[in-house]
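Observations on the model geometry
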Amino acid sequence: MAEQFVSDFDLQDYLTKGVEGIVAESVRATLKNPKEAAFMMKFAAASRRASKKRRSAEDRGEHIPPFLIASITSKCNLHCAGCYSRCNHATVDSEPVSQLTSDEWERIFDEADEFGISFILLAGGEPMLRRDVIEAAGKKQNILFPILTNGTFIDERYFALLDKCRNLVPVMSIEGSRSVTDERRGTGIYDRLIANMDEFKRRGLIFGASVTVTAKNFREVTSEDFLGSLSERGCKVVIFVEYVPVTDESRELAPTEEQRSTLLAETERLRRERPEMVYVSFPGDEKSSGGCVAAGRGFFHINSHGGAEPCPFSPYSDINVRNTSLREAMHSPLFTALRSGDILLDDHEGGCVLFEKRAEVEALLGMG
């Protein structure tokens, strides 16, 4: 079967238009926030140029995804209940060994810029433990770097860096109310996040929120009260991440099929009725994107040691960017097989199709 790519819902187009909307808002407030308006206008132009590069590559028969997820460290200071990354042993407490250096990450960012990747999500572990890599990302002004962070390491030095490099956008993880957030993430985390948000607003800095959607907090995090409070605090991006169970014990936290369908409908409604914020549903947007967008269809993942993986929830790799180019990694045998086959398009119970079909992914690697 020939490679099949995103068709109905164009997430890149939606995010670019979202950036342009934020630009328009920034321009209206230009006397108060000229730095943000100037950066956003430049980035919108860079994003359009990147889209042209990807279209040209498509015309030559090469598909370039608009997104990359980069887990820049395996270390984290929190022990969030049911964390998939700890269950997969991708996140640990010990000091990481043989992780990619900031120079290696900078080379990857350069390559991504060269062939038209517009968005690189910095993840972990806790990415703000790698200030060296985040500083390297700040130099790449053609790329927008959302930083998926627990918010506990945002200090005065980071505020100064984020003010200087407007392409770095912290996306802080919050679970809803104080009680729900602190129950999953630890006592005092909610208050720290709210204080950060208020300080971002005071300084005129853009930030986002990442919300892990579980069967427990589903109603709360999709409520007008919760989303309205984020908007009032100046939040510009909301990423809904459906909880993916990686142990039998945590399966009860996974949203039901009815809740997943409702979340998709709610996301579409919010895009229409609350355009002041940009909404991404992961992996929910795959339903309107013609199937799972991992393995290079819409994005792929590089782990902290350089392994190119289909997705953070599917930690399998047959190639390492330490030893090869980013372009070669995008066309690895594993990625090519996944894009050319049916696994990414399969129906599944919920969460991540690659996690549910991991036996088939392992078979492609000769592990089964």
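Residues numbered from 1 in each chain as written. Predicted model: local features only at pLDDT ≥ 70, side-chain atom pairs only at ≥ 80, totals over all residues. Heavy atoms only, no water.

Here's the deal with the overall build of the protein chain
Put simply, the rule is: We count a stretch as a helix when DSSP gives it H or I for four or more residues in a row; a strand needs E for two or more, and each element gets its number in order from the N terminus. When a residue's accessible area, from a 1.4 Å probe over protein chains only, is under 20% of the maximum for its type it is buried; when over 50% it is exposed; and in between it is partly exposed. When checking whether two residues touch, look at their non-hydrogen atoms; a contact exists if any pair is within 4.5 Å. Reported accessibility uses the Shrake-Rupley method at a 1.4 Å probe radius. Residues are deemed covered only where the shown protein chains occlude them.
Across its full length, the protein chain carries 15 helices and 9 strands. Looking at the 368 residues of the protein chain, the share that counts as buried comes to 58%. Expressed as a percentage of contacts within the protein chain between residues at least 6 apart in sequence, the contacts between residues at least 24 apart total 72%. In the form shown here, the protein chain has an accessible surface area of approximately 15,600 Å², with 52% of it arising from carbon and sulfur atoms.

What to know about the nonpolar core
The line we're drawing: By nonpolar core we mean a set of buried residues, namely Ala, Val, Leu, Ile, Met, Phe, Trp, Tyr and Cys, connected to one another through side-chain atoms within 4.5 Å.
Counting residues in hydrophobic clusters, the biggest one holds 99 residues, and the most contacted among them are Ile120 and Leu122. The element contributing the most residues to this core is helix α8 (residues 189-203), with 6 residues. Dropping the residues within four chain positions of it, Leu122 is found in contact with Ala70, Ile72, Phe109, Pro127, Ile134, Ala137, Phe145, Pro146, Ile147 and Leu148.

Looking at the environment of Leu364
Note on placement: Leu364 falls in helix α15 (residues 358-364). Taking the relative accessible area as the measure of exposure, Leu364 reaches 42% and is therefore partly exposed. In sequence terms Leu364 and Pro333 are 31 residues apart; their C-alpha atoms lie 8.9 Å from each other. With near-sequence residues (within four places) excluded, Leu364 lies in contact with Leu334, Ala337, Leu338 and Ile343.

With respect to empty space enclosed by the protein
Note the threshold: Only protein atoms enter the calculation, which uses a 1 Å grid: trapped sets of points that fit a 1.4 Å probe without letting it out are cavities, open sets showing protein on both sides within 12 Å along at least five of seven lines are pockets, and any residue with an atom within 4 Å of a point is a lining residue. Grid points are joined across faces, edges and corners, and a volume is the space filled by probe spheres set on the points. Gly is placed with the polar residues, together with every amino acid not listed as nonpolar (Ala, Val, Leu, Ile, Met, Phe, Trp, Tyr, Cys and Pro) or charged (Asp, Glu, Lys and Arg).
In total, this model carries 2 cavities of 30 Å³ or more according to the counting rule given. Here the largest cavity defines a volume of roughly 40 Å³. Taken together, Glu36, Leu162, Arg166, Leu168, Val169, Pro170, Leu205 and Ile206 form the lining of the largest cavity. Top contributing element to the lining of the largest cavity by residue count: strand β4 (residues 168-173), with 3 residues. Per-class residue counts for the lining of the largest cavity are 6 nonpolar, no polar and 2 charged.

Regarding unusual backbone geometry
Across the junction of Gly124 and Gly125, the peptide omega takes the value 15°, indicating a cis bond. As for its position among the elements, Gly125 is in the loop between β2 (119-123) and α5 (131-138).

Quick notes on the packing of helix α6 (residues 156-164) against α8
Quick reminder of the rule: Whenever a helix is involved, its axis is fitted only over the stretch in contact; in every case the axis is a line through C-alpha atoms, and angles between N-to-C directions fall within 0 to 180 degrees. Convention used here: angles under 35 degrees read as roughly parallel, angles over 145 as roughly antiparallel, angles from 65 to 115 as roughly perpendicular, and any remaining angle as oblique. Crossing handedness is read from the near helix: turned anticlockwise from the far helix by less than a right angle, it gives a left-handed crossing, and turned clockwise, a right-handed one.
At their nearest, the axes of α6 and α8 sit 12 Å apart, and the two run at 40° to each other. Of the possible angle classes, the one that applies to α6 and α8 is oblique. The chirality of how α6 crosses α8 is right-handed. Taken together, the residues of α8 that come into contact with α6 (itself represented by Glu156, Phe159 and Leu162) are Glu199, Phe200 and Arg203. Taken together, the residues of the contact of α6 with α8 sort by class into 3 nonpolar, no polar and 3 charged.

A look at the side chain of Lys140
Mapping Lys140 onto the fold places it in the loop between α5 and β3 (145-149). In contact with Lys140, other than residues within four places in its own chain, are Glu106, Phe109, Asp110, Phe145 and Asn167.

Focus: the pairing of strand β1 (residues 67-71)
Rules: Here, strands pair whenever DSSP counts at least two bridges between them.
With 5 of 5 residues buried, β1 is to be regarded as a mostly interior element. Both faces of β1 are covered, namely the face carrying Phe67, Ile69 and Ser71 and the face carrying Leu68 and Ala70. Here β1 pairs with strand β8 (residues 301-302) via 2 bridges, running parallel. By the bridge assignment, Ala70 is partnered in β8 with Ile302.

Observations concerning the side chain of His301
Rules: We define a polar contact as two N or O atoms separated by no more than 3.5 Å, with the added condition that, inside protein, one atom must be a possible hydrogen donor and the other a possible acceptor, whereas residues neighbouring each other in sequence contribute only through side-chain atom pairs.
The residue His301 is located in strand β8 in this model. Of the polar contacts made by the side chain of His301, one reaches the side chain of Ser71; its length is 2.7 Å. With sequence-adjacent residues up to four places away left out, His301 is seen in contact with Ile69, Ser71, Gly307, Ala308, Glu309, Pro310, Cys311 and Pro312.

Section: the packing of aromatic side chains
Each aromatic ring pair is described using two quantities: the centre-to-centre distance and the angle formed by the ring planes. Under the convention used in this document: Note on aromatic pairs: the rings of Phe, Tyr and Trp (six-membered ring only in Trp) are paired at centre separations within 6.5 Å, and the planes decide the class, stacked below 30 degrees, edge-to-face beyond 60, tilted for the rest. Working rule: Lys NZ or Arg CZ, within 6 Å of ring centre, within 35 degrees of ring normal, means a charge sits over the ring.
Taken as a whole and judged by the stated rule, the model has 7 aromatic pairs. With 5.0 Å between their ring centres and 65° between their planes, Phe109 and Phe145 make a pair best called edge-to-face. Of the two residues, Phe109 is situated in helix α4 (residues 102-114) and Phe145 in strand β3; the sequence distance between them amounts to 36 residues. Ring pairing ties together the aromatic residues Phe43, Phe67 and Phe119, which thus form one cluster. Over the face of the ring belonging to Tyr158 we find Arg131, whose NZ or CZ atom lies 4.0 Å from the ring centre.

A word on the packing of α5 against α6
In the contact formed by α5 and α6, the axes pass within 10 Å of each other and the chain directions differ by 15°. With respect to each other, α5 and α6 are oriented roughly parallel. Seen from above, α5 lies across α6 with left-handed handedness. Side by side, α5 and α6 meet where Arg131, Ile134 and Glu135 of the first sit next to Arg157, Tyr158 and Leu161 of the second.

Focus: the pattern of salt bridges
Put simply, the test is: The term salt bridge refers to a pairing of a side-chain nitrogen on Lys or Arg with a carboxyl oxygen on Asp or Glu at a separation within 4 Å.
Taken as a whole and judged by the stated rule, the model has 24 salt bridges. Glu156 is paired through a salt bridge with Arg203; the nearest N and O atoms lie 2.7 Å apart. In this pair, Glu156 sits in helix α6 while Arg203 sits in helix α8, placing the two residues 47 residues apart along the sequence. Beyond isolated ion pairs, a larger network of salt bridges with shared partners links Glu224, Glu266, Arg269, Glu273, Arg274 and Glu276.

Topic: helix α13 (residues 333-340)
What counts, and what does not: Directions from the helix axis toward the C-beta atoms define the arc.
Those residues of α13 lying buried are Leu334, Phe335, Leu338 and Arg339. When α13 is viewed along its axis, its buried side chains cluster within an angular range of 125° and face the same direction.

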